[in-house]
Amino acid sequence: MTEHRLPLRRLNWRRAAWSVVVGSLLALGCGSAGNPALQLKEAVEEYTRSMRWGHIERAAAYVPDSLRQAWIRQRRQAQAEIQVHEYDIRAVEHTPGSEKARVIVLAVWSRPSDPVTRQQLLAQEWRYRERLWTMVGQTEIKTAPQVQAPLSPSEAF
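Residues numbered from 1 in each chain as written. Predicted model: local features only at pLDDT ≥ 70, side-chain atom pairs only at ≥ 80, totals over all residues. Heavy atoms only, no water.

Q: Give me the lowdown on the pairing of strand S4 (residues 132-141), citing residues and values where you can.
A: Examined bridge by bridge, strand S3 (residues 114-129) and S4 share 9 bridges and lie antiparallel to one another. Looking at the pairing, Leu122 lines up with Glu140 of S4. Linking S3 to S4, which pair antiparallel, is a turn of 2 residues; within it Glu130 sits at a positive phi near 50°. (Pairing = 2+ DSSP bridges. Helix = DSSP H or I, 4+ residues; strand = E, 2+ residues; numbered from the N terminus.)

Q: Before we move on, could you go through unusual backbone geometry and cite the residues and values that matter?
A: A positive phi angle, near 50°, is found at Glu130, a position not held by glycine. On the secondary structure map, Glu130 appears in the loop between S3 and S4. The residue Arg131 is not glycine, and still its phi comes out positive at about 65°. By the element assignment, Arg131 lies in the loop between S3 and S4.

Q: Explain the sheet that holds S3 residue by residue, including any values.
A: Think of a sheet as strands paired side by side through backbone hydrogen bonds, with each pair either parallel or antiparallel. Pairing is antiparallel in the open sheet, where 4 strands are placed in the order S1-S2-S3-S4. In this open sheet, the two strands that pair with only one neighbour each are strand S1 (83-93) and S4. With strand direction ignored, the average angle separating the axes of adjacent strands in the sheet is 25°. Across the sheet, helix H2 (residues 36-52) is in contact with S1, strand S2 (100-111), S3 and S4; its angle to S1 comes to roughly 165°. (Axes fitted to C-alpha atoms, helices over the stretch in contact; angles between N-to-C directions. Contact = heavy atoms within 4.5 Å.)

Q: Give me the lowdown on the pairing of S1, citing residues and values where you can.
A: Here S1 runs beside S2; their pairing, made up of 9 bridges, is antiparallel. Directly across from Tyr87, in S2, lies its bridge partner Ala107. In sequence, S1 turns back onto S2 through a hairpin of 6 residues, with Gly97 there showing a positive phi of about 95°.

Q: Tell me about the layout of surface pockets, residues and numbers included.
A: There is about 450 Å³ of room inside the largest pocket. What lines the largest pocket is a set of 17 residues, among which Arg75, Ala78, Ile82, Gln120 and Gln138 lie closest to the centre. Put simply, the parts of the chain that give the lining of the largest pocket at least two residues each are H2, helix H4 (65-79), S1, S2, S3 and S4. Ranked by residues supplied to the lining of the largest pocket, first place goes to H4 with 4 residues. A class-by-class count of the residues in the lining of the largest pocket yields 9 nonpolar, 5 polar and 3 charged. The computed volume of the second largest pocket comes to approximately 330 Å³. Around the second largest pocket, the lining comprises 16 residues; the ones closest to its centre are Ala61, Arg129, Leu132, Trp133 and Thr134. Elements that contribute at least two residues to the lining of the second largest pocket include exactly H2, H4 and S4. The biggest single contributor to the lining of the second largest pocket is S4, with 4 residues. Here the residues of the lining of the second largest pocket are counted per class, giving 8 nonpolar, 2 polar and 6 charged. (1 Å grid on protein atoms, 1.4 Å probe; cavity = no way out; pocket = protein on both sides within 12 Å on 5 of 7 lines; lining within 4 Å. Points joined across faces, edges and corners; volume = space filled by probe spheres on them. Nonpolar A, V, L, I, M, F, W, Y, C, P; charged D, E, K, R; others polar.)

Q: So what's going on with H4? Residues and values would help.
A: Here H4 spans 21 Å end to end across 15 residues, near enough to the 21 Å set by a 1.5 Å rise per residue. Roughly 30° is the biggest bend found in H4, and it falls at Trp71. Inspection of H4 places Trp71, Ile72 and Arg75 among the buried residues, and these make up the whole buried set. (Expected span 1.5 Å × (residues − 1). Bend = angle between axes of the 7 residues up to and from the residue. Buried < 20%, exposed > 50% of the residue type's maximum accessible area, 1.4 Å probe, protein only.)

Q: If you had to explain the nonpolar core to someone new, which residues and values would you point to?
A: Formed by 23 residues in total, the largest nonpolar core has its most connected members in Leu40, Tyr47, Met51, Trp71, Tyr87, Trp126 and Trp133. Looking at this core, the elements with two or more residues in it are H2, helix H3 (56-59), H4, S1, S2, S3 and S4. (Core = buried A, V, L, I, M, F, W, Y, C linked by side-chain atoms within 4.5 Å.)

Listed below in structure tokens is the structure:
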């Protein structure tokens, strides 16, 4: 009898463990559905990851339906001419309860014919509508060039 009880106990323990794991995963999955801040985090991360690796159609899921086809066409054409080296989130500005967010992204890229990398700082405008976050606009943040004070020739020696 002992031989039969031990496997049954293990089986019950395994079932209980799997129940806890599955329950936790379901709770995590459902937890973001009612939490706009967590949804924003997930949407921005997925959009950024998709853009970094050139998955335009996947990123397009976060663009409003009315803009999606033109957005895909434009991104495909532009990304065919460049190589993306980095596409990283630098800041997410969101006030809890607000339906607006501003995301700052750093894009590092080059052209295949030119090995010089270029950096662009982008500000994205995100909106929460119908329980979904979408990226509704993006503009480049112009940074002032770093100006050094002129050096006198004597400083070189």
